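# Descriptive analysis of the structure
One letter stands for each residue in the lines below.
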Amino acid sequence: MSAHDAISRPVVSRDEWLAARKELLTREKELTRLRDDLNAKRRALPWVKVDKEYAFDTNEGRKTLGELFDGRSQLIVHHFMFGPGWGAGCIGCSFTADHIEGTRVHLEHHDVSLVRVSRAPLDEIEAYRRRMGWQVTWVSSHGSDFNYDYQVSFTPEAIAQGTVTYNYATANVSIEDLSGLSVFYRNADGEIFHTYSTYGRGDELVDSTYMLLDMTPHGRNETGPHRNLMDWVKRHDEYESPG
């Protein structure tokens, strides 16, 4: 659907519109309260202690998972789909990265570090990061179990056997890397705990473009063959015009 395709709704007086808007506002407030309750339950989840030693290639040399906290107690990991030899990162993950890039300074001043992790070698990551102009720390888990343990990367054998677990269920996948967000906590003794992970559409709330589109008459307008962002999103340097 193009910008010129017609859509229509009933046209009413301002008073009638206000009555309908207030009715919707009641539902919006219900959703806000439900979201607050859900967020509280998320924070109340039990934790899993991380005993395995993970190491990552970074621009400052090899670093452990603990060192990625950069002195803060909380760490958000953006599992970015970018496998060895891909040449460019996933379009959807790039869309998400555009949105969370500006949050870094605010998170860091609120005791939260944010990093991206991919299986691609560091030199491939760095080339794509420079192309995109992103500043968030991006490290390579190449040669590590990290992506596999947090269920965003899968061996060819597991894919062939149909034994892949993604989004907490057995999934039929055809590629070795998918996306997600994971959260970790580090206490004063240096112990690290896995507190939360989300996959699939779970990271959608960080994509503010969606939140804005949801307010518009056309909405997300994902009407192509994929019925998702792949129908229209491009890497931000690949659009053919300013918009």
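Anyway, here's the lowdown on the structure attached to this text. Predicted, not measured: the structure shown is a model, and the values here were computed from it.

Here the focus is the overall build of the chain. Counting secondary structure elements, the chain contains eight helices and ten strands. For the C-alpha atoms alone, the extent of the chain along its principal axes is close to 65 × 40 × 40 Å. Counting over 243 residues, the chain shows a buried share of 37%. The long-range fraction of contacts in the chain, counting pairs at least 24 apart against all pairs at least 6 apart in sequence, stands at 59%.

So, on to the state of the cysteines. Across all of its chains, the model carries zero disulfides by this definition. Of the cysteine sulfurs around Cys-90, a residue in no disulfide, the closest is that of Cys-93, at 3.8 Å. You can call Cys-93 buried: its relative accessible area is 2%.

Enumeration according to the criterion identifies 23 salt bridges in this entry. Residue Arg-21 is joined to Glu-28 by a salt bridge in which the shortest nitrogen-to-oxygen separation is 2.9 Å. Classification of Glu-28 by relative accessible area gives partly exposed; the value is 33%. Asp-57 is paired through a salt bridge with Arg-62; the nearest N and O atoms lie 2.9 Å apart. Judged by its relative accessible area of 25%, Asp-57 falls in the partly exposed class. Put simply, Asp-70, Arg-72, Arg-104 and Glu-108 are held in one network by salt bridges that share partners.

The subject of this paragraph is the pairing of strand 6 (residues 137–140). Alignment of strand 5 (residues 112–118) against strand 6, held across four bridges, turns out to be parallel. The partner of Val-117 across the bridge, within strand 6, is Val-139. For the handedness criterion, the β-α-β arrangement of strand 5, helix 5 (residues 122–132) and strand 6 is classed as right-handed.

The next subject is the pairing of strand 2 (residues 55–58). Of the two faces of strand 2, the one holding Phe-56 and Thr-58 is buried and the one holding Ala-55 and Asp-57 is not buried anywhere. Where strand 2 lies against strand 3 (residues 61–64), four bridges are found, and the strand directions are antiparallel. Bridge pairing links Thr-58 to Gly-61 in strand 3. Where strand 2 hands over to strand 3, the hairpin turn is made up of two residues, counted between the paired strands.

This paragraph deals with the packing of aromatic side chains. Enumeration over the complete set of coordinates arrives at 21 aromatic pairs. On the numbers, 5.8 Å between centres and 85° between planes, the contact of Tyr-128 with Trp-134 is edge-to-face. For Trp-134, a relative accessible area of 2% puts it in the buried group. Seen in terms of ring centroids, Phe-154 and Tyr-166 are 6.2 Å apart; in terms of plane orientation they differ by 90°. Their pairing is edge-to-face. Remark: Tyr-166 occurs in strand 7 (residues 165–166) and Phe-154 occurs in the loop between helix 6 (146–149) and helix 7 (156–161); sequence separation between them is twelve residues. The buried category is assigned to Phe-154, whose relative accessible area is 4%.

Rules of the game
Residues numbered from 1 in each chain as written. Predicted model: local features only at pLDDT ≥ 70, side-chain atom pairs only at ≥ 80, totals over all residues. Heavy atoms only, no water. Helix = DSSP H or I, 4+ residues; strand = E, 2+ residues; numbered from the N terminus. Buried < 20%, exposed > 50% of the residue type's maximum accessible area, 1.4 Å probe, protein only. Contact = heavy atoms within 4.5 Å. Disulfide = S-S within 2.5 Å. Salt bridge = Lys/Arg side-chain N within 4 Å of Asp/Glu carboxyl O. Pairing = 2+ DSSP bridges. Right-handed = clockwise from strand over helix to strand, strands pointing away. Phe/Tyr/Trp six-rings, centres within 6.5 Å; stacked < 30°, edge-to-face > 60°.

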